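Now for the letters of each chain:
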Amino acid sequence: MDPKATGKKRKIAEENRGFNSSWTESFAFIANAEGLPACLLCNEKLSNNKKSNVERHFQGKHATFAAKYPVGSERKSAIALLLGKLEESKDRFKKWIASPNSTTAASFVATREIIKRGKPFTDGDYMKDSFIKISEHLFSDFKNKTEIIQKIKDMPLSAKTVKERAIKMAGNITNQQIKDINSAPAYSIACDESCDVIDIEQVALLCRYVNSDGPQEEIIKLIPLKGQTCGEDICQAVLKCLNDNGINTNHLISVATDGAPSMRGSQKGFVTLLQKALDRNLLAFHCILHQEALCAQTFPPECMEVMNLVIEMVNKIIAKALNHRQFRAFLDEVDSEYSDLLLHNKVRWLSRGEVFRRFVACLEHVKTFLKSKNLNYPQLEDTEWLEKLHFMVDMTSHLNMLNKSLQGRGNTALQMLEAVLSFERKLTVFARDVQRGTLSHFPSLREFKEAYPDHTLNGDYLQGAIVDMQTAFGSRFSEFRKEKMTLSFPVTPLEIDPSLLNTFPGVIQADLEMEMADIADKELWVSKFKSLAAELEDVTRQKAQLAQSHKWSEIESLPTIEKLVFETWNALPDSYMNMKKYAFGVLSIFGSTYLCEQIFSNMNYVKSKYRTRLTDVSLQSCVKIKVTSYMPDVEKLSSDVRKQKSH
């Protein structure tokens, strides 16, 4: 029946409109799988085949293209180029669909993402199920939607498969690491031990070395010790790990550990036994961060009592749920700068200073709240006690600044030593500051003095506390002080007498001295080290400014000192090979076991109370994949694995 006769408006679907091929050249449109217009420029699909809609879309959204390529030969060429790219894309997709290893490679990539985030192996099934459901909508307009979804379904991601993939990837990464370590002129190791969630002692063995990309800090293995954990047991386990992995111990020049007797005992410590086993001396360093933490514990007993009492008061408020809720509500009611107090954790190096700072910031509110709970602490009104409290706030703040500068990747041993020596010198300034009463470097103590003008500061006592800490700093870091000239070589090689340097394996002393004599008057290479000094100065200045503003994330974006030093030495010709080997050897030295602590944090995250049955091999594989900077060779791994359907 004629629509006009019935008075009804005809639907577009009933008009049987078809795609006009001339629209391709005129408006850059093609027909999709459903026969509807699809734009070559933005991939947008129109709902019907009306020329007016196609033309409106082209003129409205792609006016620039229309002006640049007017109708005729120019537009025809441009459209042909777009069609060619579309065909290439389709061909690539078809090859991917037909590729026998595509699902296997995809399963390796998915496994890596699961492990990188510390998730359990069973998340593979969850990931695939989610991907399938998402794909139903995401690829609804695709002609080969069924093939895509089938590919996803064929991707093996069962818990067993994810576990096997993780172990294979970790093995591949280890092979890459070993190849680089054995190619490096020298390498150093760092060792530390910690118990996992089921009390298995795990020894973290890390290597630091220089490859073509610069200095690398990598975990080689988490070594489980099921029995005794004496120095002899650790030494045997480490040597077995190095030998089993084919790592050349002749290139080992340095070892860093914490100060535990099992590590640094003079007779049966790990370091002593390792040197005996290798039949030569190594540069042995006690972690600079651990030594700094020990120096920070030298406050007088009265100051330690202040800290203990602060922690007790904080616990009174936070440890009880009702008190904690009421205190948080009270802070909110009075519009306090902070919404809560912080708990002290002895394991965390920085927690003490943060607890003090927050406590003092909320001090008046703490007093009011404790009184409301009939908790009497007369010390909060004692000016001598408050003086020590504010002194502790400032000193722990200074120590925290030092501690943060020693943490993180990319710090050379020299850089860390210079930070400690600089702080040791600053302690003289701090002592003079409190003795004079100027308090230029003690803002919290200065505020206290202004709040209590009638109180006389005990300058002698405070100065004595600082001097005692300075003495503690002066008595430590002896191995770093002794090797300062060696550690300085990569930065100031032209100022060093080569005859006073330690010898490294693979470096010929006579040739080293000759090369240093030769380079001293070569302006081209001398200028390189002058430029390096300027770059290091600039980066150090920026770091200091950002640290003063507590902009720690911005500090991470700055180029690392070790990278700048490496690039300078890497630019030297091989005619100075002994100098380069020596510089790269020094760059490989660990200044701390900070990364070992990071490894243990990741270990406890991976092997939590919910994954206590995780095997040693699986734990090692997960931790390595999570922390390494290496990428597994997915193509090689995929070709080695027989294609399998998901099960």
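Residues numbered from 1 in each chain as written. Predicted model: local features only at pLDDT ≥ 70, side-chain atom pairs only at ≥ 80, totals over all residues. Heavy atoms only, no water.

A.B. asks: Explain the overall build of the chain to me, and be specific about the residues and the numbers.
C.D. replies: Of the regular secondary structure elements, the chain holds 31 helices and seven strands. Principal-axis analysis of the C-alpha atoms gives the chain an extent of 110 × 75 × 55 Å. Out of the 647 residues belonging to the chain, those deemed buried represent 47%. Intrachain contacts of the chain at a sequence separation of at least 6 include 69% that bridge at least 24 residues. Summing over all exposed atoms, the chain offers an accessible surface of approximately 33100 Å²; the carbon and sulfur share of this is 50%. Both charge centroids of the chain, one from 86 positive and one from 81 negative side chains, sit 10 Å from each other. (Helix = DSSP H or I, 4+ residues; strand = E, 2+ residues; numbered from the N terminus. Buried < 20%, exposed > 50% of the residue type's maximum accessible area, 1.4 Å probe, protein only. Contact = heavy atoms within 4.5 Å. Areas by Shrake-Rupley, 256 points an atom, 1.4 Å probe, with all protein chains shown as cover. Lys, Arg positive; Asp, Glu negative; His and termini not counted. Charge placed at Lys NZ, Arg CZ, Asp CG, Glu CD.)

A.B. asks: Give me the lowdown on the nonpolar core, citing residues and values where you can.
C.D. replies: Membership of the largest hydrophobic core comes to 166 residues, with the highest contact counts inside it found for I189, F270, F391, F473 and F489. One finds F29, F65, A66 and I79 within the second-largest nonpolar core, a separate group that totals 14 residues. (Core = buried A, V, L, I, M, F, W, Y, C linked by side-chain atoms within 4.5 Å.)

A.B. asks: Please provide a residue-by-residue account of empty space enclosed by the protein, values included.
C.D. replies: Scanning all chains against the criterion turns up one cavity of 30 Å³ or more. Of the voids in this model, the largest cavity is the one considered here, and its volume is about 90 Å³. Lining the largest cavity are 14 residues, and of these E217, G408, N411, M416 and S592 sit closest to its centre. Tallied by class, the residues present in the lining of the largest cavity amount to six nonpolar, five polar and three charged. (1 Å grid on protein atoms, 1.4 Å probe; cavity = no way out; pocket = protein on both sides within 12 Å on 5 of 7 lines; lining within 4 Å. Points joined across faces, edges and corners; volume = space filled by probe spheres on them. Nonpolar A, V, L, I, M, F, W, Y, C, P; charged D, E, K, R; others polar.)

A.B. asks: Which residues make up unusual backbone geometry, and what values do they have?
C.D. replies: A positive phi angle, close to 65°, is found at D199, a residue other than glycine. Residue position: D199 is located in the loop between β3 (187-195) and β4 (201-211). Look at D199 and you get exposed, because its relative accessible area is 63%.

A.B. asks: Break down the pattern of salt bridges for me, citing the residues and quoting the values.
C.D. replies: All chains considered together, the criterion is met by 18 salt bridges. When the shortest N-O distance is used, the salt bridge between E113 and R117 registers 2.6 Å. With relative accessibility at 29%, the residue E113 sits in the partly exposed group. Judged by relative accessible area, R117 falls into the partly exposed class, the value being 48%. The closest approach of N and O atoms between E562 and R208, which form a salt bridge, is 2.5 Å. Taken together, the residues E562 in helix α27 (residues 561-570) and R208 in strand β4 connect sequence positions 354 residues apart. The same class applies to E562 and to R208, which are both buried. (Salt bridge = Lys/Arg side-chain N within 4 Å of Asp/Glu carboxyl O.)

A.B. asks: Tell me about the side chain of K626, residues and numbers included.
C.D. replies: Examined against the element boundaries, K626 turns out to sit in helix α30 (residues 616-627). Buried and unpaired, K626 has E113 as its nearest opposite-charge partner, separated by 11 Å.

A.B. asks: Describe the environment of W552, listing the residues and the values that go with them.
C.D. replies: Residue placement: W552 occurs in helix α26 (residues 552-556). Judged by its relative accessible area of 25%, W552 falls in the partly exposed class. Those residues in contact with W552 that lie beyond four places of it in its chain are M401, K404 and A547.

A.B. asks: Break down the sheet that holds β4 for me, with residues and values.
C.D. replies: Pairing is mixed across the open sheet formed by five strands, whose spatial order is β5-β4-β3-β6-β7. Across the chains shown, the open sheet's two edge strands, defined by having one partner strand only, are β5 (214-225) and β7 (283-286). Taken pair by pair, the neighbouring strands of this sheet meet at an average axis angle of 20°, ignoring direction. Relative to the sheet, helix α12 (residues 270-278) contacts β3, β6 (252-257) and β7, its axis offset from that of β6 by approximately 165°. Across the face of the sheet, α30 comes into contact with β4 and β5 while running at roughly 165° to β5. (Pairing = 2+ DSSP bridges. Axes fitted to C-alpha atoms, helices over the stretch in contact; angles between N-to-C directions.)

A.B. asks: Please give an account of the packing of aromatic side chains that cites residues and values.
C.D. replies: Within the structure shown, the criterion is met by 17 aromatic pairs. Measuring from ring centre to ring centre gives 6.2 Å for F58 and F65, while their planes differ by 80°; the resulting arrangement is edge-to-face. Residue class for F58 comes out buried when judged on its relative accessible area of 0%. Given a relative accessible area of 14%, F65 falls into the buried group. Ring centres of F504 and Y582 lie 4.4 Å apart, and the angle between their planes is 10°; this geometry places the pair in the stacked category. One end of the pair, F504, is in the loop between α23 (484-488) and α24 (509-519); the other, Y582, is in helix α28 (residues 577-587), and 78 residues separate them in sequence. Across this residue pair, the class does not change: F504 and Y582 are buried. Grouping aromatic residues by their ring pairs yields a cluster made of F391, F423, F430, F442, F473 and F477. When the ring centre of F108 is taken as reference, the NZ or CZ atom of R165 above it lies at 4.7 Å. Its guanidinium or amino end placed over the ring of F121, R611 lies 5.3 Å from that ring's centre, counting from NZ or CZ. (Phe/Tyr/Trp six-rings, centres within 6.5 Å; stacked < 30°, edge-to-face > 60°. Lys NZ or Arg CZ within 6 Å of the ring centre and 35° of its normal.)

A.B. asks: Before we move on, can you summarise a nonpolar patch on the surface with the specific residues and values?
C.D. replies: The grouping of F131, I134 and L138 at the surface amounts to a nonpolar patch, some 290 Å² of accessible area in total. The exposure class of I134 is partly exposed, given its relative accessible area of 48%. (Patch = residues over 30% accessible without salt bridge, like charges linked within 9 Å, V, L, I, M, F, W, Y side chains within 5 Å.)

A.B. asks: Break down the confidence of the model for the chain for me, with residues and values.
C.D. replies: Averaged over every residue, the pLDDT of the chain is 88; residues scoring 70 or more account for 92%. The low-confidence segment residues 344-350, where pLDDT is below 50, has 17 contacts with residues more than four positions distant or belonging to other chains. Low confidence marks residues 643-647, where pLDDT is under 50. Its contacts with residues over four positions away, or in another chain, come to 16 contacts. (pLDDT = per-residue confidence, 0-100.)

A.B. asks: I'd like a description of helix α25 (residues 523-548), backed by residues and values.
C.D. replies: Taking 1.5 Å as the rise per residue, α25 with 26 residues should run 38 Å; its terminal C-alpha atoms sit 37 Å apart, in good agreement. Every buried residue belonging to α25 is among W525, V526, F529, L532, L536, V539, K543, L546 and A547, and all of these are buried. Here the buried face of α25 lies against α18 (383-406), α19 (413-436), α24, α26 and α27. Immediately beyond the C-terminal end of α25, within one or two residues, lies H550, with a positive phi of roughly 60°. (Expected span 1.5 Å × (residues − 1).)

A.B. asks: How would you summarise the layout of surface pockets if you had to cite specific residues and measurements?
C.D. replies: A volume near 900 Å³ is recorded for the second largest pocket. In terms of lining, the second largest pocket is formed by 20 residues, of which the most central are L86, K90, D141, F142 and K143. The element that contributes the greatest number of residues to the lining of the second largest pocket is helix α5 (residues 73-98), accounting for seven residues. Classifying every residue of the lining of the second largest pocket by side-chain character gives 10 nonpolar, four polar and six charged.

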